[in-house]
Amino acid sequence: MRPSLPAKEIPRDDERRGPAPPPPRTAHAPGVLVCSFDAIPSPNLLRFDKGGGGFFLEGEEGDRRSAALLVLTGGGAPPGDVLVWSPSLTLEEISRTSPRPHHNIRRDALGGRPVSGITGLRALTRLPEAGLAVLRLGPPPTARWVFQGVRAIAVFSGKITLVDGEEAKLVRAGSLALVGDPSATLYLEAGNDAALAVALAAFDFVAALS
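Just so you know, these numbers come straight off a predicted model, no measurement behind them.

(A) View of the overall build of the protein. Along its length, the protein carries one helix and 15 strands. The 210 residues of the protein split such that 45% are buried. Across the protein, contacts joining residues at least 24 apart in sequence account for 64% of those joining residues at least 6 apart. Carbon together with sulfur atoms contributes 51% to the accessible area of the protein, which is approximately 10300 Å² in total.

Structure follows, in structure tokens:
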């Protein structure tokens, strides 16, 4: 059974504090699906010829689409890196031809920009042409955050808890959380100081302390 989070532990909007006002709770839940790295739904799975692979995300339809791969297991790039092709090829084309990505965003890169007032959260890059942001979460000293616009979170060490409506879903190292509706407010709590994750989010994502 999945753990449930008592209602009293979910902060109310008027109880939250942070450098920027958190987004209000939405009536609809994010619809979080948690799966292990080796059990990603096939429409979003890309594997390398040398072994390993990750979560594949295509940009919005129309104009010049972009595609991103969040590397989950070794092979073509270190786990936690994000490869971006822009404009996009389809998953089938990338799997068949293995073109060189236009961007390789390193999980441990020193670049990027910290999110103002939130320790442990950094935007590794924002790509307007892809409508995409890559976030590194942690390792935090303590973390209770709220997001809108996050589409996937891969946990590489430690654990986090995501609140899906009134249900708490634990995401351990080696697991990927897929957010069905990124427009919904998503609450996150780090389970320990070692928590480290990488997320794919919309270019105009919202993040605040909860």
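(B) Structural context of the sheet that holds strand β4 (residues 67-73). Sheet architecture is open: five strands sit in the order β2-β3-β4-β5-β6, paired in antiparallel fashion. Edge positions in the open sheet fall to β2 (45-47) and β6 (103-105), since each of these has one partner strand only. In this sheet, adjacent strand axes meet at a mean angle of 25° when their direction is disregarded. Bridge count between β2 and strand β3 (residues 53-58): three bridges; the pairing is antiparallel.

(C) Spatial organisation of the nonpolar core. Grouped together as the largest cluster of nonpolar side chains are 28 residues, with contacts concentrated most on L121, L135, L137, F147, I153 and L162. Of all the elements in the fold, those that place two or more residues in this core are β8 (121-127), β9 (132-137), β10 (144-157), β11 (159-164), β13 (175-179), β14 (186-190) and β15 (196-209). Once you skip the residues sitting within four places of it in the chain, L121 turns out to touch P114, V115, L135, R136, L137, W145, F147 and A207. Counting 23 residues, the second-largest nonpolar core is a separate cluster that includes A68, L127, L132 and V198.

(D) Quick look at the confidence of the model for the protein. With 84% of its residues at a pLDDT of 70 or more, the protein shows a mean pLDDT of 82. Across the protein, β13 holds the top mean pLDDT of 97, while helix α1 (residues 91-97) sits lowest at 75. The low-confidence segment residues 1-6 (pLDDT under 50) makes 11 contacts with residues lying over four places distant or belonging to another chain. Here residues 13-18 is modelled with pLDDT under 50, and outside its nearest four sequence neighbours on either side it reaches 13 contacts, counting other chains as well.

(E) Examining the side chain of R107 more closely. Relative to the assigned elements, R107 resides in the loop between β6 and β7 (113-114). Polar contacts involving the side chain of R107 include one to the side chain of D108, which spans 3.4 Å. Those residues in contact with R107, other than ones at most four positions away along the chain, are P79, G80, D81, L124, R136, F156, L196 and V198.

(F) Region of interest: the pattern of salt bridges. Tallying each qualifying case throughout the model produces four salt bridges. Residues D81 and R106 are paired through a salt bridge, measuring 3.2 Å at the closest nitrogen-oxygen approach. Pair noted here: D81 is in the loop between β4 and β5 (82-85) and R106 is in the loop between β6 and β7, with a separation of 25 residues, a long-range link. Take D81: its relative accessible area is 2%, and that puts it in the buried class. Owing to a relative accessible area of 45%, R106 belongs among the partly exposed residues under this scheme. Salt-bridge contacts for R107 lead to D108; the nearest nitrogen and oxygen are separated by 3.4 Å. By relative accessible area, R107 is classed as buried at 18%. What makes D108 exposed here is its relative accessible area of 53%.

(G) Representation of the pairing of β3 in the model. Buried residues dominate β3, accounting for five of its six residues. Taking the residues between adjacent antiparallel strands as the criterion, β2 and β3 are bridged by five residues, where G51 takes a positive phi near 100°. Note: β3 against β4, six bridges, orientation antiparallel. What sits directly across from F55, in β4, is L70.

Definitions and limits used
Counting from 1, residues in each chain are numbered in the order their sequence is written. Whole-chain, interface and lining totals are the exception, using all residues; otherwise, since this is a predicted model, local features are given only for residues with pLDDT of at least 70 and side-chain atom pairs are given and counted only at 80 or more. Side-chain numbers here rest on the full set of heavy atoms in the structure, without hydrogens or water. Each helix corresponds to a stretch of at least 4 residues labelled H or I by DSSP, and each strand to a stretch of at least 2 residues labelled E; elements are numbered beginning at the N terminus. We call a residue buried when its accessible area falls under 20% of the maximum for its residue type, exposed when it is over 50%, and partly exposed in between, using a 1.4 Å probe and counting protein chains only. When checking whether two residues touch, look at their non-hydrogen atoms; a contact exists if any pair is within 4.5 Å. Only the protein chains shown count as covering a residue, and every accessible area follows the Shrake-Rupley method with a 1.4 Å probe. For two strands to be treated as a pair, DSSP must find no fewer than two bridges joining them. Orientation is described by lines fitted to C-alpha atoms, with helices fitted over the stretch in contact, and by angles between N-to-C directions that extend from 0 to 180 degrees. What makes a nonpolar core is a set of buried Ala, Val, Leu, Ile, Met, Phe, Trp, Tyr and Cys residues whose side-chain atoms join them at distances within 4.5 Å. The predictor attaches a confidence to each residue, called pLDDT, with possible values from 0 through 100. In the analysis that follows, any N or O atom pair within 3.5 Å is treated as a polar contact, provided that within protein one partner can donate a hydrogen and the other can accept it, and provided that, for residues neighboring in sequence, both atoms belong to side chains. What counts as a salt bridge is simple: a side-chain nitrogen of Lys or Arg found within 4 Å of a carboxyl oxygen of Asp or Glu.

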